[in-house]
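Inside the fold
This is what each chain is made of:
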Amino acid sequence: MALSAAERAMVRALWRKLGDNVGVYATEALERTFLAFPGTKTYFPHLDLSPGSAQVKAHGQKVADALTLAVDQLDDLPGALSFLSDLHAHKLRVDPANFQLLCHCLLVTLARHFPGDFSPTMQASLDKFLSRVTSTLASKYR
Amino acid sequence: MSLTKSERAIIMSIWDKIGMQAEAIGTETLDRLFSSFPQTKTYFPHFDLHPGSPQLRTHGSKVVAAVGDAVKNIDNIASALTKLSELHAYILRVDPVNFKLLSHCLLVTLAARFPSDFTAEVHAAWDKFLSILSSILTEKYR
């Protein structure tokens, strides 16, 4: 399930538009995930999850940085995300179903903020990109 | 899983806006579904699936109209959608997994068209509502 040249171009183009605000959107995606799918909160007993929490913002920034790294290293996601794959496999053990939920919320968030750029083709490219990232994160589970 | 009073109010609050763009929203939702998840096209061998095809527009309108019926009968969705449940159970037999995909695409469409209305609360309420619709549509499968 590799990304075609056109799909990579779409993802990179959108990421350029996101600029320095990737953290803002990732944070919004997290907030939406916790609200729509409260079961996901189980993985964050150590965080203050109330709206506007600084800890959620900090976590959003971490997620954002990882995604930006992935966009830059589309040719070698397993290599670039190796540390994160290990973390998720051996420590965090987030059930992969939850990655779908976060991805859904991220796509909703981006659609809200960039409606003019969010064609069905763009959505499909991003969805495929996020699927590749999440399967990399779950790749060392077993 | 039933809707709270405040969830019902939230769901109905943006319905008018959705209703006014029913065909466009339905068509865009299907466009997004077929672009991101091409396997869903399997249920439509009898359609011209090019974006903007008259059949897609008609079908898109039907889907949003059915959602509208559910909104108008929000206190008793199951009886409002009895015919559709039977249709899906005995004739269409759409694999339940696909309802999640369609719901996701509808939510992305709503986010893109109503960015300021589509708050996290509205998103969560609509996600729950669409889950309820999906389970009603699949409840007669067995």
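Residues numbered from 1 in each chain as written. Chains lettered and ligands numbered in written order. Predicted model: local features only at pLDDT ≥ 70, side-chain atom pairs only at ≥ 80, totals over all residues. Heavy atoms only, no water.

Observations concerning the overall build of chain A
From N to C terminus, chain A includes seven helices and zero strands. Counting helices and strands in the order they occur from the N terminus, chain A gives α-α-α-α-α-α-α. Its C-alpha atoms give chain A a radius of gyration of 15 Å, within 12% of the compact-globule value 14 Å for 142 residues. In terms of overall dimensions, chain A has a C-alpha envelope of 40 × 35 × 25 Å along the principal axes. Per-residue burial over chain A gives 46% buried out of 142 residues. Pairs at least 24 apart in sequence give 78% of the contacts found in chain A among residues at least 6 apart. If you sum the accessible surface of chain A, you get close to 7,000 Å²; carbon and sulfur atoms cover 57% of it. Looking at charge distribution, chain A has the averaged site of its 15 positive side-chain charges lying 3 Å from that of its 13 negative ones. (Helix = DSSP H or I, 4+ residues; strand = E, 2+ residues; numbered from the N terminus. Rg over C-alpha atoms; globule rule 2.2 N^0.38 Å. Buried < 20%, exposed > 50% of the residue type's maximum accessible area, 1.4 Å probe, protein only. Contact = heavy atoms within 4.5 Å. Areas by Shrake-Rupley, 256 points an atom, 1.4 Å probe, with all protein chains shown as cover. Lys, Arg positive; Asp, Glu negative; His and termini not counted. Charge placed at Lys NZ, Arg CZ, Asp CG, Glu CD.)

Some remarks on the interface of chain A and chain B
At the interface, 17 residues of chain A touch 20 residues of chain B. Between chain A and chain B, roughly 1,600 Å² of surface is buried when both sides are summed, and carbon and sulfur atoms account for 60% of that area. At the boundary of chain A and chain B, one finds zero salt bridges. Along the contact surface separating chain A from chain B lie eight residue pairs in polar contact (both at pLDDT 80 or more). Sorting the residues of the side of chain A that touches chain B by element identifies α2 (22–36), α6 (97–113) and α7 (120–137) of chain A as the ones contributing at least two each. Among the residues making up the side of chain A that touches chain B, the classes are represented as 11 nonpolar, three polar and three charged. (Buried area = accessible area lost by both parts, 1.4 Å probe. Salt bridge = Lys/Arg side-chain N within 4 Å of Asp/Glu carboxyl O. Polar contact = N/O pair within 3.5 Å; in protein donor to acceptor, adjacent residues only side chain to side chain. Nonpolar A, V, L, I, M, F, W, Y, C, P; charged D, E, K, R; others polar.)

A word on α2(A)
With 15 residues, α2(A) ought to run about 21 Å at 1.5 Å a step, and its terminal C-alpha atoms sit 21 Å apart, in line with that. Within α2(A), 12 of the 15 residues are buried, which leaves the element mostly enclosed by the surrounding structure. Listing the buried residues of α2(A) in full gives A:Val22, A:Gly23, A:Tyr25, A:Ala26, A:Thr27, A:Glu28, A:Ala29, A:Leu30, A:Arg32, A:Thr33, A:Phe34 and A:Ala36. Among the structural elements, α1 (5–18), α3 (54–72) and α6 of chain A together with α8 (120–138) of chain B are those in contact with the buried residues of α2(A). (Expected span 1.5 Å × (residues − 1).)

Some remarks on the nonpolar core
Counting 65 residues, the largest nonpolar core has A:Leu126, A:Phe129, B:Ile18, B:Ile77, B:Leu110, B:Trp126 and B:Phe129 as the members making the most contacts within it. A per-element tally of this core places α8(B) first, with nine residues. Leaving out residues up to four positions away in the same chain, B:Leu110 has contacts with B:Ile18, B:Ile25, B:Phe118 and B:Trp126. Residues B:Leu33, B:Phe34, B:Phe37 and B:Cys105 belong to the second largest nonpolar core, which totals 10 residues. (Core = buried A, V, L, I, M, F, W, Y, C linked by side-chain atoms within 4.5 Å.)

Overview of the UniProt feature "domain: Globin" (unreviewed entry) in chain A
Mapped onto this numbering, the UniProt entry gives "domain: Globin" (unreviewed entry) at residues 2–142 of chain A. Strand forms 0% of residues 2–142 of chain A and helix 70%; the C-alpha atoms that close the span are 22 Å apart. (UniProt positions renumbered as here; feature names shortened; annotations may be inferred.)

Things to note about a nonpolar patch on the surface
Together, B:Leu87, B:Tyr90, B:Ile91 and B:Leu92 line one region of the surface with nonpolar side chains, adding up to about 400 Å² of accessible area. For B:Leu92, a relative accessible area of 39% translates into the label partly exposed. (Patch = residues over 30% accessible without salt bridge, like charges linked within 9 Å, V, L, I, M, F, W, Y side chains within 5 Å.)

Topic: the layout of surface pockets
All names here are of chain A. A volume near 810 Å³ is recorded for the largest pocket. Considering the residues around the largest pocket, the lining is formed by 31 residues, among which Phe44, His59, Val63, His88 and Leu102 are closest to the centre. Breaking the lining of the largest pocket down by element, the ones donating at least two residues are α2, α3, α5 (82–92), α6 and α7. Of all the elements, α3 adds the most residues to the lining of the largest pocket, at eight residues. Grouping the amino acids of the lining of the largest pocket by side-chain chemistry returns 21 nonpolar, eight polar and two charged. (1 Å grid on protein atoms, 1.4 Å probe; cavity = no way out; pocket = protein on both sides within 12 Å on 5 of 7 lines; lining within 4 Å. Points joined across faces, edges and corners; volume = space filled by probe spheres on them.)

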